[in-house]
Amino acid sequence: MWIPAVGLRTGADYLTKNIGKFYGINIDNIPYVIQDALKEKLKSVPQIIIPETHFDSYFDAEPPFQLGEALLTGSLSEGLFLYYPQLPDMDFMCVLKNITLSQEDQATGCLLLREDTPSVYAFITSKEIQNLWSEFLDDTDNQVGKHRLSSKKLKEKLQENYQKNDSLLFPIVRNCKEELEEVTEGAAATVNKSKPDISFGHCMTDSAKAAFLLPLNKQVDVRMKFKQIKENLVHSIFYKMISSSDIVLSIFCEGWPPVAREWVTRERFWPDIYSDEKITQGGFHIVPKSSPDGDFRLSFSCAEIMLIKTLSPLQHKVMRAFKAVVKYHENSWGPNLKEILSSYYLKTIAFWHFEKTLQESWTEETLVHHLVALLEA
């Protein structure tokens, strides 16, 4: 079995030779200093803060439908993305500002699990919060003192705001068209971005304009301006390479859900007890679906990012190699395997393997053994 080298190394050099052609950028014509900066940016994606996104414009200025914070999630945030045939979607979790489900709320039944599934109904008991979110409540399923929040209405509101707003999600890329897919039952609202007809010369011109608009003074000298040009240029090329983004609304919940309590108590070798406590105390989220039932789904995206950070470099390397092998062979292994074996399933398989293996077993000599064990799983 051939294992793609991209799964076992950084992939940055591979990007220089191949991915640029896929996106219509001749990276060989870009100065080496910019090539190196782009490679470093791709390596450090988990630490990137993205100020260019205009999430605030998709939310209201007044309560209740306001943005609390936008979090980068998915393989880009975890450093598990592959470079071929294209970069993955850029996934964002947008946490709503004016609602939180406390542990007390959960204890009184505000999160009602649907038949032992990850789907839940969210109820609001506070009169003040009920009044605030009144247009998002489902009047067909109200209990004494409780009103059910409609996930469908939340997603429809996001779609409505996006459609009436002219702000692009990534305005840094000019000549770019964006389109929001029709809202489905899934949690994400997908924004597809066209491949803009933009050259390296255009990127350079735009970056120079942005940098030289800065006033020249003691704090911003000529060298700082050229540094800013390079940073703007790398940003422009990077955002051109992102083809779509998933926006997921979410509501923060304190504590840890009872249905996932078994994860806390079961015996395992990974992660350690200190990481356990940090993750479970960090809370979780519920994300809205668009089903007629108006239910939500439990989301542990932030917990998973924290888990990824506890991996050793060798574990992280094997996990990326595992994903690369499956993605490379999925079309030949089965006609519908691509739809069945999502990145989330592959990540879950890897997590199970890490839990069952001693940390001492992870050495350079055992990397192939662990990779084979994952493939056999």
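Residues numbered from 1 in each chain as written. Predicted model: local features only at pLDDT ≥ 70, side-chain atom pairs only at ≥ 80, totals over all residues. Heavy atoms only, no water.

Bringing the environment of Gln 130 into the picture now. Its location among the elements puts Gln 130 in helix 5 (residues 127–132). Once you skip the residues sitting within four places of it in the chain, Gln 130 turns out to touch Ile 124, Thr 125, Leu 137, Gly 145, Lys 146 and His 147. (Helix = DSSP H or I, 4+ residues; strand = E, 2+ residues; numbered from the N terminus. Contact = heavy atoms within 4.5 Å.)

For helix 6 (residues 151–163), which comprises 13 residues, the first-to-last C-alpha distance of 19 Å matches the rise-based estimate of 18 Å (1.5 Å per residue) to within 8%. For helix 6, the set of buried residues is Ser 151, Leu 154, Lys 155, Lys 157, Leu 158, Gln 159, Asn 161 and Tyr 162. (Expected span 1.5 Å × (residues − 1). Buried < 20%, exposed > 50% of the residue type's maximum accessible area, 1.4 Å probe, protein only.)

The tally for this structure, following the rule as stated, stands at 12 aromatic pairs. Their ring planes at 40° and their centres at 5.5 Å tell us that Trp 270 and Phe 351 sit as a pair that is tilted. A residue pair is termed long-range when its members are at least 10 positions apart, and Trp 270 in the loop between helix 9 (261–265) and helix 10 (273–281) and Phe 351 in helix 14 (residues 343–356) qualify at 81 residues. Neither residue differs from the other here; Trp 270 and Phe 351 are each classed as buried. Members of the aromatic cluster, each reached through a chain of ring pairs, are Phe 59, Phe 65, Trp 133 and Phe 136. It is Arg 268 that lies over the ring of Trp 263; its NZ or CZ is 4.2 Å from the centre. (Phe/Tyr/Trp six-rings, centres within 6.5 Å; stacked < 30°, edge-to-face > 60°. Lys NZ or Arg CZ within 6 Å of the ring centre and 35° of its normal.)

Counting 38 residues, the largest nonpolar core has Phe 59, Phe 65, Leu 96, Trp 133, Leu 149, Leu 154 and Ile 286 as the members making the most contacts within it. For this core, the secondary-structure elements that each account for two or more residues are strand 1 (67–73), strand 2 (90–101), strand 4 (119–124), helix 6, strand 8 (188–193), strand 9 (244–253), strand 10 (284–288) and strand 11 (296–299). Counting residues per element, this core draws most heavily on strand 2, which supplies six residues. Counting residues in each nonpolar core, the second largest holds 24 residues, with Ala 260, Ile 279, Phe 351 and Leu 367 among its members. (Core = buried A, V, L, I, M, F, W, Y, C linked by side-chain atoms within 4.5 Å.)

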